[in-house]
Each structure stands twice: as C-alpha cells, then as structure tokens.
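Structural overview
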Amino acid sequence: MKSEKLKPIKHIAFIMDGNGRWAKKRFLSRSMGHKAGVSRIKEIIMSCYDDYGIYCASLFTFSTENWNRPQDEIDTLFELLEEFFVKEIDFFNSRGVKIQVLGNLQDERIPSKTLNVIKEAVRKTENNDKNVFNVLFNYGSRFEIIKACKEIASSVKEGIISAEDIDNALFENHLYTKGLSSIDLLIRTSGEKRLSNCLLYQVAYAEFIFTKKFWPDFNKKELYRCLLEYSKRDRRFGAIKDGK
Ligand code: IPE
Ligand code: IPE
Ligand code: MG
C-alpha cells in the first residue's frame, strides 16, 4: 500500500458500527458480531500508525446512549473489551502506543473488573509517545462538553480565570482530547450517516466518510480506499482554493 500520494493525517477517528447487522446477516448472535468487530481493532489501528504515519487514532466503542441496550449485550461488549485490553496491552506498549480511555469512568454502572483492566492499560502506557490510541468508552460528546463548561464555570467562580479568558484553546484543555489536534477524518462504518454524539467539538472541520461496510468487514484495503478518498478532498477551512 502506497502512502506517498496520500494526504497526511494527524488524527483519525472511527465509529465502529454494524457489528449487530454483520452477525444478523450470518444468522449469528449479536455477541458474535461484537466478537468479530473487536477482533478487527488491532489491525486497523496499527495500520493507521505503521502504514500511513497517522499519530493519533480514536475509536468509538461504547456510547453514553448504549446503556439503552439489553444488559446481556452490554455485559458481552464489556467482556470483549476487557479481553482485548488484557490480550493486547503488551503489544501496544511495545510499539510505543499511549492508550487513553475517553469517557465517563466515574459511572457506577461500569463493572469494577472492566474499570481495573482499563485503568491498568492507561497506566502501563502513559509514558509512551510514538502514537496515541483513544478508546472512547462510555463516551458522549454532550457529556464531555457540559463537563468542560462546569469546570470552566467553577474556575471563573473561584476567580482563577475571568470569563474573557475563555477561548478555543482554554476550552479544548477541558476536553478529553486535551493536547491532541482536531480530527482530520472521521470514518463511520455500516452505512449510517450520523455522528451519534461522537466528538462533536473535535470534528468541527473534519472530513467524513460513511462506508457501507460493516465494521467486522472493514479491513486494510477499505482503510486505504477511505484515505485515498480523503486525499481527493479539498480542505479549505473557510479560505479559498490556493489563496486565489
Ligand atoms: C457496534 O455495532 C457498535 C457498538 C455500539 C458497540 P452495533 O452493535 O451498533 O451494530 P448494529 O448497528 O446494530 O448493526
Ligand atoms: C454509536 O453507534 C456508538 C458506537 C459506535 C460506540 P450506535 O449503533 O449506538 O448508534 P445509533 O444508535 O445507531 O445512532
Ligand atoms: Mg449501531
């Protein structure tokens, strides 16, 4: 796969979607779909780093709205994510990848076993600086933005800053993605064309690709196809083409 002709990307995000429909198509349980989905993660994320020099990859794995699903599906998903961390943490660590878990980890509904595994992965890799892997877990963009507002409001109230000090940079420092650049490209699998509360602030100027492939079928070839499509996009950021 040639990366030379591709437009460089610093931060890519994925909404992994379609695990359930992938399974249904095969007369399998939704759990089998999630299992197949989770098994795709490592290859795709590593390909972003190794094949295309992307510094940061974010993956939406469980939303604040996914609590609306049946408890047994939630349990399965958590177990699969737990297994993923236990199995792959040393690998990611050996490759210099810093794992960050973005989301509300204070939520009491998260089983302590899952929480411990997640925290251990974050702790083990916190000093790595080659690449960043953001796992969005119990993540909701509205929650993140409101949390940032509350923190900023209390800094103003305590007199640490004044309301006039609030700007993009200050606001971004209160988001989970603090210190990372905005998202260049967001890919959602399964054909759904919506964001489902994913990184609303961070995608302000992102390019979007909605591929029909279900996440368990998303592979390196499809990733390349998406990056090629991204490379053909003209990102203007409000300016005009070539300054003319
Ligand atoms: C996985 O796909 C995404 C998660 C919420 C874990 P889905 O489980 O949403 O699959 P579909 O959309 O039902 O096919
Ligand atoms: C979004 O997918 C959440 C994750 C991928 C983790 P959903 O499948 O939950 O989104 P909706 O409900 O179709 O919008
Ligand atoms: Mg879905």
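What you see is a predicted model; the values in this text were computed from it and never measured.

Attention now moves to the packing of aromatic side chains. Overall, the coordinates contain 17 aromatic pairs when judged by the stated rule. Centroid distance Phe92 to Phe133: 5.5 Å. Interplanar angle 35 degrees. Geometry classified as tilted. Taken together, the residues span a long stretch of sequence, with Phe92 in helix H4 (residues 71-94) and Phe133 in strand S4 (residues 131-139) at a distance of 41 residues. Since its relative accessible area comes to 0%, Phe133 is described here as buried. Counting every residue linked through ring pairs, the aromatic cluster contains Phe84, Phe85, Phe91, Phe92 and Phe133.

When the charged atoms of two side chains with opposite charge come close together, those side chains can pair. A complete count under the given rule lists 24 salt bridges for this structure. Put simply, Glu73 and Arg69 hold a salt bridge, and the shortest N to O gap is 2.9 Å. With a closest N to O distance of 3.2 Å, Arg225 and Glu222 form a salt bridge. Here Arg225 and its partner Glu222 are both found in helix H8 (residues 220-232), 3 residues apart, which amounts to about one turn of the helix. For Arg225, a relative accessible area of 39% gives the class partly exposed. According to the relative accessible area criterion, Glu222 is buried, its value standing at 8%. Salt bridges here are not isolated pairs; linked through shared partners, they connect Asp184, Glu207, Glu222, Arg225, Glu229, Arg233 and Arg235.

The environment of ligand 1 is formed by Met16, Asp17, Gly18, Asn19, Gly20, Arg21, Arg30, His34, Thr61, Asn66, Arg69 and Leu77. One of the backbone N or O atoms of Gly18 is found 3.3 Å from an oxygen atom in ligand 1. Asn19 is positioned such that a nitrogen or oxygen atom in its backbone is 3.1 Å from an oxygen atom of ligand 1. Taking 380 Å² as the accessible area of ligand 1 by itself, protein coverage stands at 89%. Sorting the residues of the shell around ligand 1 by element identifies helix H1 (19-25) and helix H2 (30-38) as the ones contributing at least two each. For the shell around ligand 1, the leading source of residues is H1, giving 3 residues. A breakdown of the residues in the shell around ligand 1 according to their chemical character gives 2 nonpolar, 6 polar and 4 charged.

Let's shift gears to the packing of H2 against H4. Between H2 and H4, the shortest axis-to-axis distance is 10 Å and the interhelical angle comes to 25 degrees. If you check the angle between H2 and H4, you find them roughly parallel. Where H2 crosses over H4, the handedness of that crossing is right-handed. Residues Arg30, Ser31, His34, Lys35 and Val38 of H2 form the contact with H4, whose own contacting residues are Glu73, Thr76, Leu77, Leu80, Leu81 and Phe84. Across the contact of H2 with H4, the residue classes tally to 5 nonpolar, 3 polar and 3 charged.

With respect to spatial proximity, the complete set of residues near ligand 2 consists of Ile15, Met16, Asp17, Phe60, Thr61, Phe62, Ser63, Asn66, Arg69, Arg188, Arg194 and Ser196. At a separation of 3.2 Å, an oxygen atom of ligand 2 approaches a polar side-chain atom of Asp17. For ligand 2, whose free accessible area comes to 390 Å², the fraction covered by protein is 78%. The greatest single-element share of the shell around ligand 2, amounting to 4 residues, is contributed by strand S2 (residues 56-63). Split by residue class, the shell around ligand 2 holds 4 nonpolar, 4 polar and 4 charged.

Rules behind the numbers
- Residues numbered from 1 in each chain as written.
- Chains lettered and ligands numbered in written order.
- Predicted model: local features only at pLDDT ≥ 70, side-chain atom pairs only at ≥ 80, totals over all residues.
- Heavy atoms only, no water.
- Phe/Tyr/Trp six-rings, centres within 6.5 Å; stacked < 30°, edge-to-face > 60°.
- Helix = DSSP H or I, 4+ residues; strand = E, 2+ residues; numbered from the N terminus.
- Buried < 20%, exposed > 50% of the residue type's maximum accessible area, 1.4 Å probe, protein only.
- Salt bridge = Lys/Arg side-chain N within 4 Å of Asp/Glu carboxyl O.
- Near = heavy atom within 4 Å.
- Polar contact = N/O pair within 3.5 Å; in protein donor to acceptor, adjacent residues only side chain to side chain.
- Areas by Shrake-Rupley, 256 points an atom, 1.4 Å probe, with all protein chains shown as cover.
- Nonpolar A, V, L, I, M, F, W, Y, C, P; charged D, E, K, R; others polar.
- Axes fitted to C-alpha atoms, helices over the stretch in contact; angles between N-to-C directions.
- Parallel < 35°, antiparallel > 145°, perpendicular 65-115°, else oblique.
- Left-handed = near helix turned anticlockwise from the far one by under 90°.
- Contact = heavy atoms within 4.5 Å.

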